[in-house]
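The residues making up each chain are set out below.
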Amino acid sequence: MNFEGLDPGLAEYSPAMHSALDTVLDAHLNPSLLQNVELDPEGVTLEALPVQESVHIMEGVYSELHSVVAEVGVPVSVSHFDLHEEMLWVGSHGGHATSFFGPALERYSSFQVNGSDDIRQIQSLENGILFLTKNNLKYMARGGLIIFDYLLDESEDMHSLLLTDSSTLLVGGLQSHILEVDLNTVQETQKYAVETPGVTIMRQTNRFFFCGHTSGKVSLRDLRTFKVEHEFDAYSGSLSDFDVHGNLLATCGFSSRLTGLACDRFLKVYDLRMMRAITPLQVHVDPAFLRFIPTYTSRLAIISQSGQCQFCEPTGLANPADIFHVNPVGPLLMTFDVSASKQALAFGDSEGCVHLWTDSPEPSFNPYSRETEFALPCLVDSLPPLDWSQDLLPLSLIPVPLTTDTLLSDWPAANSAPAPRRAPPVDAEILRTMKKVGFIGYAPNPRTRLRNQIPYRLKESDSEFDSFSQVTESPVGREEEPHLHMVSKKYRKVTIKYSKLGLEDFDFKHYNKTLFAGLEPHIPNAYCNCMIQVLYFLEPVRCLIQNHLCQKEFCLACELGFLFHMLDLSRGDPCQGNNFLRAFRTIPEASALGLILADSDEASGKGNLARLIQRWNRFILTQLHQDMQELEVPQAYRGAGGSFCSSGDSVIGQLFSCEMENCSLCRCGSETVRASSTLLFTLSYPDGSHSDKTGKNYDFAQVLKRSICLEQNTQAWCDNCEKYQPTIQTRNIRHLPDILVINCEVNSSKEADFWRMQAEVAFKMTVKKHGGEIAKSKEFALADWKELGSPEGLLLCPSVEELKNVWLPFSIRMKMTKNKGLDVCNWTDGDELQWGPARAEEEHGVYVYDLMATVVHILDSRTGGSLVAHIKVGETYHQRKEGVTHQQWYLFNDFLIEPIDKHEAVQFDMNWKVPAILYYVKRNLNSRYNLNIKNPIEASVLLAEASLARKQRKTHTTFIPLMLNEMPQVGDLVGLDAEFVTLNEEEAELRSDGTKSTIKPSQMSVARITCVRGQGPNEGIPFIDDYISTQEQVVDYLTQYSGIKPGDLDAKISSKHLTTLKSTYLKLRFLIDIGVKFVGHGLQKDFRVINLMVPKDQVLDTVYLFHMPRKRMISLRFLAWYFLDLKIQGETHDSIEDARTALQLYRKYLELSKNGTEPESFHKVLKGLYEKGRKMDWKVPEPEGQTSPKNAAVFSSVLAL
């Protein structure tokens, strides 16, 4: 309802009225209504207030049945009859909601919806109630629990909502737009512009949306497009209310007078068949509300603010005898609603009272209401006696009083240890007599134990259960692992749920609300996603890798640079590492090290992921070092020590390499010294016997120094003794790396117990250091904040949650001594105040390393475990993506990215979260390197190149390479199409209801890429038509759809222009970087499989150009037949034909839409297209004798080649 023009006295209402409730009643309050209300200084008891039983209800005539106080003294702002249950909902100006059950108005629930704003509209749904306030939409259960709370923009001033279907909601207000909200995802899906702002009332029929505006207009809008179809200018002042029934629209409102707004006693009635006004209806009350009550006829109920109600026909004359009076407690009626059954009317007044009028003594609010669920009554007084001799008696029947004290059964974790229940081994007799048929084994029952019963015994060996042994063999054991509940939700393995649209309708933004890009996990060997992210967020690695380009077909450095480029371009959308992992699978060393997992092993988690990722970490650094060694850029490093790197070293070596001296001392006294280098270190732990028994404290710096300067006794060859002798092997450091990489090697319970015990010792020492005064959570009093001005106040005391399970320091300090020794110690921000800035000490060989990333192994036996990374994202990344300069820790779990507190990165609960890899970087690392990225891809990649196929002939050439004078410029059009083959079939399961559920999609590989000139004298002639050679096994060539035949991709027998994927990828990358616009049909999938990230403004996809919202996508074949009168894709697909047709369709689009300036006329063209498609079932006719353009002559210029 629009409150403009109402009694100005309402504006004087303030929340102070709440505190004025005492034993003195309001002068306007009828004492008879409060006969059952006890008033005391503590507050007012709000109970249902039934009227006297002597009230007689005449059948068919509305009269008052009950009145009830919702909230004393607080005006009622909205009332609503529940559409599913026999309930009446009331909202107040104080933001409080109250519900009443049945015609007796028994109080059902009462709760606060908003602390400051009034409730403006209520809408009942099946599972709860929607409440609309000024800038907040809240969905609550009928009992008062919050289901969701959707906060709108602070500038919004919402007044009305409309439920268009079970999951879509329209919200309107005083602004110039209407929001569409999806109730399933609780997200704004669309914003419709409104020409006349101020939508305060909305209704819906099967033909139109009706919007009532504060200006006095009513607009009729299309149900699909929300565009204005008709508009009625009802009142010159403002609109108060309107309702729609059948073909009639009735309105009431205010007219402008010389003294202001005045209530108009003429109701404007409109005929929706002829879209014109009919004779206005004059009434005898000042109309503020109106509703159609269609029982026997289309009656109108007109209500005034003073409480007068008149019934009349919208096309007849109003009779003064049909007026009855509602007796409000307050001076004004504020709200009015009619039940779905039309048997009950509800009025709310300005003093917080609700009046129920009905036309029968026992009315029902809905024709078919479901049963209302009530709270269970207290059964304490009626409990039966309990017999303790019964073993199966549930002890939960014993009532226990609510207490805040610790219960006796609440054992501390130190006194209770989880004992997993192992599946019993299969009887040896069964295994001996078993016969197999296929994969099913049959054996006679040896009858050594009772049928279907297994004795529950915990073995002694269970205490030695190693939680790091991955998945238990028995499915029962997997379901009952005791530590499953410990794994936080964001750390669990994420999976993509595929629908019939593939990934198009999967909501990745639900998992990643940042602008950084995640990586998809469904690709084989994608367990390394977390490590790819770690390398990407090392700024020198990101820049220097992207500057690398070589001629090797399978170069991991090149592919990693291409992947980094995609991560740079993405704005929150996930990327794929397809091409990088494809190159990774072809390297023999990776297979020899066991880094290539079979699909079954990866899905079941049989591989030990912690060991696997540590081996992968060593392998990738070594491989990148070798790949970049030949193309080392001398200008990349500009540090003070220019002679650090040898001429054959690479930028990876400059960043990660550590020069060492290995000394071997024999007992005969001879000493051998040799120099070497390493790219990472492995932690070496002290002897477990000491740490287990005495609980000795070890700093992480001590263990790290012991691991770097390793000393061990081993058998080695001695030249002096000329035989193998026990020798002492020691290792000394010559030069510290810029990035310190550490493999934790926590591969058994022995190392895990060491980490757990050191974390406990560190926690106790910290508590002792602070005198035992540590807050449970990070909350500070005002006095604590006042101390922040002093240096001592800078170091805030951490909370208990932040100190638990922490042993790892955020920074370490390393110093090279004069006698080639190494000093390592933990470093805190307080140490910097004591010792001075770390940058000043570097001149004396002292370096401070900051923790940049931790890779952890998540133990979850349901999924086989997973790997995630905590990464400290630097300022340069935030500056590029979000335009802000700050540092933040993030959790990277494949495509789930979430900001976290920095303490979470070093907290390791060894029951489920085990450290695997640590990355420490020198402070001010970025200033030591040239971080400019120079695109290494040049225009020469588009020039003519030789084919890999041995049998290709010039007469088989299907394209003309670009000449130097044809090089594309920014904005040039290029027609693109690609064809694919299948490497792995789709994995799906059939549900019980007959529908198919995709578990893992088919793995596609690009087989042919065609690019066609989009302008110039050679427009339509391809300049790229490459068939992509593949070394992986193809399970389906998809010849019917791709035109690729067996042998086309084999260099020995193919007659096509065969190239490597990297060669063609570089051509497309150059076109993207130069700024051309690609024209094609379904380019989103093409670029996804090719593994390219293309800016949206460089893609012109005919799938979306010729598409209407909420309609199906149209095939290229049907579009070509309808608009171009062409028959394509007759027997198989041809990428040249498809790319050329897409270009022609784009030209046709520009012609029909006048270069996009006339969308209305083009919309009519699309309507005709969809109507024709539905008539023809989207199938292209095949008349006899008509041939497809595919059979036309090939270009003469191509034949001339």
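Being a predicted model, the structure only gives us computed values, none of them experimental.

## Brief notes about the UniProt feature "binding site: a divalent metal cation" (unreviewed entry) in the protein chain
Here is step 1: In the numbering used here, UniProt assigns the "binding site: a divalent metal cation" (unreviewed entry) feature to Asp977, Glu979, Asp1086 and Asp1138. These annotated residues cover 162 residues of sequence, and their C-alpha atoms all fall within 12.9 Å of one another, placing them together at a single site.
Here is step 2: In this fold, Asp1086 is placed in helix H21 (residues 1083–1090).
Here is step 3: Asp1086 sits in the buried class, given a relative accessible area of 5%.
Here is step 4: With near-sequence residues (within four places) excluded, Asp1086 lies in contact with Asp977, Ala978, Phe980 and His1081.
Here is step 5: Mapped onto the fold, Asp1138 is located in helix H24 (residues 1135–1152).
Here is step 6: Of the residues examined, Asp1138 reaches a relative accessible area of 4% and is grouped as buried.
Here is step 7: With residues near it in sequence (within four places) discarded, Asp1138 still touches Asp977, Glu979, Leu1116, Ile1128, Gln1129 and His1133.
Here is step 8: Of note is the side chain of Asp1138, whose polar atom sits 3.2 Å from the side chain of Gln1129.

## Brief notes about the side chain of Asn893
Here is step 1: Mapped onto the secondary structure, Asn893 falls in strand S45 (residues 888–893).
Here is step 2: Asn893 gets classed as buried once you look at its relative accessible area, which sits at 0%.
Here is step 3: Of note is the side chain of Asn893, whose polar atom sits 2.8 Å from the backbone oxygen of Arg492.
Here is step 4: Ignoring anything within four residues of it in the chain, the contact list for Asn893 reads Lys490, Tyr491, Arg492, Val494, Leu867 and Val868.

## Focus on helix H4 (residues 539–546)
Here is step 1: Within H4, 8 of the 8 residues are buried, which leaves it mostly tucked inside the rest of the structure.
Here is step 2: The set of residues buried in H4 consists of Glu539, Pro540, Val541, Arg542, Cys543, Leu544, Ile545 and Gln546.
Here is step 3: Taken together, the buried residues of H4 touch helix H3 (529–536), helix H5 (556–569), helix H9 (609–629), helix H10 (651–656), strand S40 (739–743) and helix H18 (875–882).

## Overview of the sheet that holds strand S17 (residues 208–213)
Here is step 1: Strand order in this open sheet of 4 strands is S16-S17-S18-S19, and the pairing throughout is antiparallel. Two strands in the sheet have a free side with no partner beyond their single neighbour: strand S16 (199–204) and strand S19 (228–233). Adjacent strand axes in the sheet meet at a mean angle of 20° when their direction is disregarded.
Here is step 2: With 5 bridges connecting them, S16 and S17 associate as antiparallel partners. Of the residues in S17, the one forming a bridge with Met202 is Cys211.

## Description of the packing of aromatic side chains
Here is step 1: Within this structure, the stated rule accounts for 50 aromatic pairs.
Here is step 2: Pairing Phe347 with Trp357 gives two aromatic rings, centres 6.4 Å apart and planes at 80°, and the pair type is edge-to-face. With a gap of 10 residues between them, Phe347 in strand S31 (residues 344–349) and Trp357 in strand S32 (residues 353–358) connect regions that are remote in the sequence.
Here is step 3: Overall, Trp357 belongs to the buried group, its relative accessible area being 6%.
Here is step 4: Ring centres of Tyr698 and Phe754 lie 5.8 Å apart, and the angle between their planes is 50°; on these two criteria the pair is classed as tilted. Pair noted here: Tyr698 is in the loop between helix H11 (688–694) and helix H12 (700–708) and Phe754 is in helix H13 (residues 749–769), with a separation of 56 residues, a long-range link.

## Observations regarding the sheet that holds strand S39 (residues 723–735)
Here is step 1: With antiparallel pairing, 4 strands are arranged side by side in an open sheet as S36-S35-S39-S38. With one partner strand each, in any of the chains shown, strand S36 (671–678) and strand S38 (711–718) form the two edges of the open sheet. Strand-to-strand twist of the sheet, defined as the mean angle between neighbouring strand axes without regard to direction, takes the value 35°.
Here is step 2: Here strand S35 (residues 658–666) runs beside S39; their pairing, made up of 8 bridges, is antiparallel. Considered in S39, the bridge of Glu659 is made with His735.

Cut-offs and rules
Residues numbered from 1 in each chain as written. Predicted model: local features only at pLDDT ≥ 70, side-chain atom pairs only at ≥ 80, totals over all residues. Heavy atoms only, no water. UniProt positions renumbered as here; feature names shortened; annotations may be inferred. Helix = DSSP H or I, 4+ residues; strand = E, 2+ residues; numbered from the N terminus. Buried < 20%, exposed > 50% of the residue type's maximum accessible area, 1.4 Å probe, protein only. Contact = heavy atoms within 4.5 Å. Polar contact = N/O pair within 3.5 Å; in protein donor to acceptor, adjacent residues only side chain to side chain. Pairing = 2+ DSSP bridges. Axes fitted to C-alpha atoms, helices over the stretch in contact; angles between N-to-C directions. Phe/Tyr/Trp six-rings, centres within 6.5 Å; stacked < 30°, edge-to-face > 60°.

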